Amino acid sequence: MSSPSTGQPLKRVEDADLLRGRGRFGDDLPVPRGTLHAAILRSLHPHAELVAIDAAAALAMPGVACVVTGEDARRWTRPFAVAVKTAMQHWCLAVDRVRYVGEPVAVVLAQHRDLAEDALEQIAVEYRPLPAIVDPEAAAMPEAPLLHPAVGSNTVSDRSFRYADPEAAFAAAAHHIAITTRYPRNAGTPLETFVVLAEHLPGEDIYEVTANFQGPLAMHPVMALALGVPANQLCLRTPPDSGGSFGAKHAVFPYIVLMALSARKSGRPVKWLETRLEHLTAATSATNRVTTLTAAVDEAGVVTALDWDQLEDCGAYLRAPEPATLYRMHGNMTGAYRVANLAVRNRVVLTNKTPSGLVRGFGGPQVYFALERLMQRIAMELDLDPLEVIRRNLVDHFPYRCPAGAVLDSGDYQGAVEQAAGEGGLDALRHRRDQARATGRHYGIGFAAVVEPSISNMGYITTVLSPQEQQRAGPKGGAQAAATVALDPLGGVSAVIDSLSQGQGHRSAAAQIIGDVFGLPAAVVRVEATLDTGRDAWSIAAGNYSSRFAGATAGAAYLAASRLRDKLARIAAAQLNARPDEVRFAEGRVFAATNPENSLGFTRLAGISHWSPGSLPDGDAAALRETVFWSPTVLEPPNEADEINSSATYGFVFDFCGAEIDRDTGEVCVDQYVSLHDAGRILNPALFDGQVRGAFAMALGAALYERFVYDDSGSFLSGSFADYAVPTAGMVPDLAILHRETPSPVTPLGAKGVAEGNSMSTPVCIANAVADALGVADLELPLIPPQILQLLKQ
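Keep in mind that this is a model prediction, so the values were computed, not measured.

J.: Summarise the pattern of salt bridges; cite the residues concerned and give the values.
T.: For the coordinates displayed, the defined rule picks out 43 salt bridges. Close ionic contact of E388 with R391 constitutes a salt bridge, the shortest N to O distance being 3.8 Å. Separated by three residues within a single helix, E388 and R391 lie in helix α12 (residues 386-393), roughly one turn from each other. Between D434 and R433 there is a salt bridge whose closest N-O contact spans 3.8 Å.

Printed below as a string of structure tokens:
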């Protein structure tokens, strides 16, 4: 019997081409003859009425074929649909006013990109400036300037929730301890920016688009509705390779509609490649959030109730899938803690900033920065060890139902903390801190315990609606994953998965899983992770987000392969004179467990359904192809009490770190970092650790360097990497990664997601270490030297 490769650190099949420069990214793909190249004219005003556009001079330039404006958008498209029904209208081009710096105003289509960019300068736009507002708290005030007068307010959603009896818990509590946090805007900054190639086929009114879109495919009907066509008349394809995303590439969808519109007006294919300035200025960002979190605490530091007040800044438009960032964590707002009583107020406000969207861990960094800072504050105020406060409050049995509806499926949180403390050398780190402090240095230790959700319930966003609105809209819940596994006439195995990999190695892991089912090496299994909506199996949950691959897509691939193997087993059983349940697959052979010498070659068996279907024991049981759609049974729509199991599985991350402050420069040095992950069954340890390291590097940027800055007038000040500081490889310290495997009972393989955990845990873990080093109560991210120097003065 061959040893299974699943769980082994096999090398990625993707890397051979990528390291040779042979990747096939969006900008590498061939374009049809006659393709026009697009450049976008963007607003330099944060808020202004759009009075007039004169494109005559641009159109007179040789090689310029077409100019697309808001009037064309009104003629051929519709505003984008969003979950919250308001009078707000968001078009693919500005039609009446601009509401953020970088908003698209017009598109020039020319024979070459540089010519299109030159023509932008010839377009005359008359603006009437309006007051801008960028502070969410000020924007929520009744007297604030309105971004959308038809709405009548900048607050487009205000919902309150109550679970169990938080009022009684606060009345009985020995202590009320509160914290207010302000989480800043930051972004994913992938190496590759947006790429769109669009063509309109007028005979059937079909749009064919290739774009480096990451999903979720719930945006596909949004795009089709905006284009005014049935979904089967928008054929969306993705390139074979993508240069990272980290959430950002969901936000290419408005540009898919814009380039499809441009192709329709021009009558020719259109290609658009986003610049880095465009990406930083106008692509997307994480929401900035103001949170006031209050805990009811007993004398021992046990939290009995939490009261959240969250003000979410979604920028100039509420753009799908927002307010996903605010509601993704809703079912487990109590985190890793057994808090029985909960109150939540969620407000969504609009400001003159780029519309927000998905950024790695979306919702988690904002929630855990407040929650884990609060846990340290409780320790400070009650003069307790911060780790002991965490221990006393951790969930201690599974499955565990959180008050807002999340069902934590498996884990051993106490055991994980003890493992991390022992294997990670916490005692030695504490000794190092004590030695540093004895010499007058500023050294602190921070902790963070977070629950990492994966496989989002597609119904969680509807929690923003009242129960009556949910009833009118119809039930929404679940999370379909799709995979197809096929056998060719020569016995080759191929698969198509719906995860739209952005560089994580999904093809490699899927090949391991499928190969093990058939007793074949992973190297002979061919996996495609691209998508063609006109050809492949998909649902609205398809895509690369919410750490859904390991639990959902990989599980669907396993189930599809298993169904195909079972069909092969029935065919083999007739030839081996054995029962189907006795048939085994290993090392490229198929044999009966009771007589291994009596065997068939896998390739011969796999080809029978192609070459000799009439010889099959069951005429309708050909083993050619199997497609599986799998959705977790634990995911249902929100109920009348607004309880929602917002994700299918929940991993656990426990981090601690040591950080020292340079008293002269204010620089924060992360001296040691330990991160333990329990994400269920590990499919490939090398890929697993790669995701942890990637999330850690991104989170380090959020903690110490990265933020989008707007001045009071709404001007954007972070439009280059000189102004938006992203850590380089040499700036990222090493970290100790520890594994713990508690399989999930929910997913086919027992796996959970791991790609987002450190984006949630690391920023607050480092902040807690800095707070410990300086003995301060309040911190804001990023922990840049000017802020630290000011705190040192205090």
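Additional details are given in the paragraphs that follow.
J.: So what about the sheet that holds strand β6 (residues 124-129)? Which residues, and what values?
T.: As summarised here, the arrangement of the three strands in space is β4-β2-β6, forming an open sheet in which the pairing is antiparallel. Edge positions in the open sheet fall to β4 (97-98) and β6, since each of these has one partner strand only. Both strand β2 (residues 48-54) and β4 contribute to a ladder of two bridges, which runs antiparallel. Across the sheet, the residue bridging to A48 is V98, located in β4.

J.: Tell me what's going on with the packing of aromatic side chains, and back it up with residues and numbers.
T.: By the definition in use, this model includes 17 aromatic pairs. Seen from their ring centres, Y100 and Y317 are 6.4 Å apart, and the 80° between their planes marks the pair as edge-to-face. With a gap of 217 residues between them, Y100 in the loop between β4 and β5 (104-110) and Y317 in the loop between β14 (303-313) and α10 (324-327) connect regions that are remote in the sequence. Grouping residues by exposure puts Y100 and Y317 together as buried. Plain terms: the ring middles of F447 and F656 are 6.4 Å apart, the flat faces sit at 45° to each other, and that makes the pair tilted. Placement of the pair is F447 in strand β18 (residues 442-456) and F656 in strand β26 (residues 647-661), with a sequence separation of 209 residues. Each member of the aromatic cluster is reached from another via a ring pair, and the members are F708, Y710, F716 and Y724. It is R74 that lies over the ring of W91; its NZ or CZ is 5.8 Å from the centre. Positioned above the aromatic ring of F362, the side-chain terminus of R328 is 4.4 Å from the ring centre.

J.: How would you summarise empty space enclosed by the protein if you had to cite specific residues and measurements?
T.: One way to see where empty space is left: roll a probe the size of a water molecule over the atoms. Counting across every chain of the model gives six cavities of 30 Å³ or more. By volume, the largest cavity amounts to about 120 Å³. For the lining of the largest cavity, the secondary-structure elements that each account for two or more residues are α11 (364-382) and α19 (685-704). With three residues, α19 is the largest single contributor of residues to the lining of the largest cavity. When the residues that make up the lining of the largest cavity are grouped by side-chain class, the tally is nine nonpolar, three polar and two charged.

J.: Describe the environment of A260, with residues and values.
T.: Within the secondary structure layout, A260 lies in helix α8 (residues 253-266). Between the C-alpha atom of A260 and that of E208, which follows or precedes it by 52 residues, the distance is 8.1 Å.

J.: Describe α19, naming the residues involved and giving the relevant values.
T.: The first and last C-alpha atoms of α19 sit 28 Å apart over 20 residues, in line with the 28 Å expected at 1.5 Å per residue. Within α19, 14 of the 20 residues are buried, leaving the element largely enclosed by the surrounding structure. By the N-cap criterion, in which a side-chain oxygen at the helix start approaches the backbone nitrogen of a residue two or three places on, α19 is capped by N684, the distance to A686 being 2.9 Å.

J.: Give a description of the pairing of strand β15 (residues 341-349) that names residues and reports values.
T.: β15 sits mainly inside the fold: eight of its nine residues count as buried. Of the pairings in the sheet, the one linking strand β7 (residues 155-163) to β15 comprises eight bridges and is antiparallel in character. Directly across from R162, in β15, lies its bridge partner A343. As judged from the nine bridges shared by β14 and β15, these two strands associate in the parallel manner. Opposite L306, over in β15, you have L342 as the bridge partner.

J.: Outline helix α9 (residues 276-283), supporting the account with residue identities and numerical values.
T.: Side chains that are three or four residues apart share a direction in an α-helix, a result of its 3.6 residues per turn. Across the eight residues that make up α9, a large majority, six, are buried. Three or more residues of α9 are buried, namely E278, H279, L280, T281, A282 and A283. The secondary structure elements touched by the buried residues of α9 are β1 (36-42), α4 (113-120), α8 and β12 (270-273).

J.: Quick rundown of the nonpolar core? Include the residues and the values.
T.: Counting 138 residues, the largest nonpolar core has M259, L306, W308 and I378 as its most contacted members. Residue contacts for I378: discarding those within four places in its chain leaves I177, A295, V297, G301, V303 and V389.

J.: Which residues make up the side chain of R185, and what are the values?
T.: Within the fold, R185 resides in the loop between β8 (175-183) and β9 (195-201). At a separation of 3.4 Å, a polar atom in the side chain of R185 contacts the main-chain carbonyl oxygen of D313.

J.: Quick rundown of the sheet that holds strand β23 (residues 589-592)? Include the residues and the values.
T.: The sheet built from three strands is open, its strands ordered β22-β23-β24 with antiparallel pairing. Across the chains shown, the open sheet's two edge strands, defined by having one partner strand only, are β22 (583-586) and β24 (595-601). Along the sheet, successive strands turn relative to each other by an average axial angle of 35°, direction set aside. With four bridges joining them, β22 and β23 adopt antiparallel strand pairing. Bridge assignment links A586 to a residue of β23, and that residue is R589. Contacts between helix α17 (residues 549-576) and the sheet are confined to β22, β23 and β24, with β22 contributing the most and set at about 115° to the helix.

Conventions used here
Residues numbered from 1 in each chain as written. Predicted model: local features only at pLDDT ≥ 70, side-chain atom pairs only at ≥ 80, totals over all residues. Heavy atoms only, no water. Salt bridge = Lys/Arg side-chain N within 4 Å of Asp/Glu carboxyl O. Helix = DSSP H or I, 4+ residues; strand = E, 2+ residues; numbered from the N terminus. Pairing = 2+ DSSP bridges. Phe/Tyr/Trp six-rings, centres within 6.5 Å; stacked < 30°, edge-to-face > 60°. Buried < 20%, exposed > 50% of the residue type's maximum accessible area, 1.4 Å probe, protein only. Lys NZ or Arg CZ within 6 Å of the ring centre and 35° of its normal. 1 Å grid on protein atoms, 1.4 Å probe; cavity = no way out; pocket = protein on both sides within 12 Å on 5 of 7 lines; lining within 4 Å. Points joined across faces, edges and corners; volume = space filled by probe spheres on them. Nonpolar A, V, L, I, M, F, W, Y, C, P; charged D, E, K, R; others polar. Expected span 1.5 Å × (residues − 1). Polar contact = N/O pair within 3.5 Å; in protein donor to acceptor, adjacent residues only side chain to side chain. Contact = heavy atoms within 4.5 Å. Core = buried A, V, L, I, M, F, W, Y, C linked by side-chain atoms within 4.5 Å. Axes fitted to C-alpha atoms, helices over the stretch in contact; angles between N-to-C directions.

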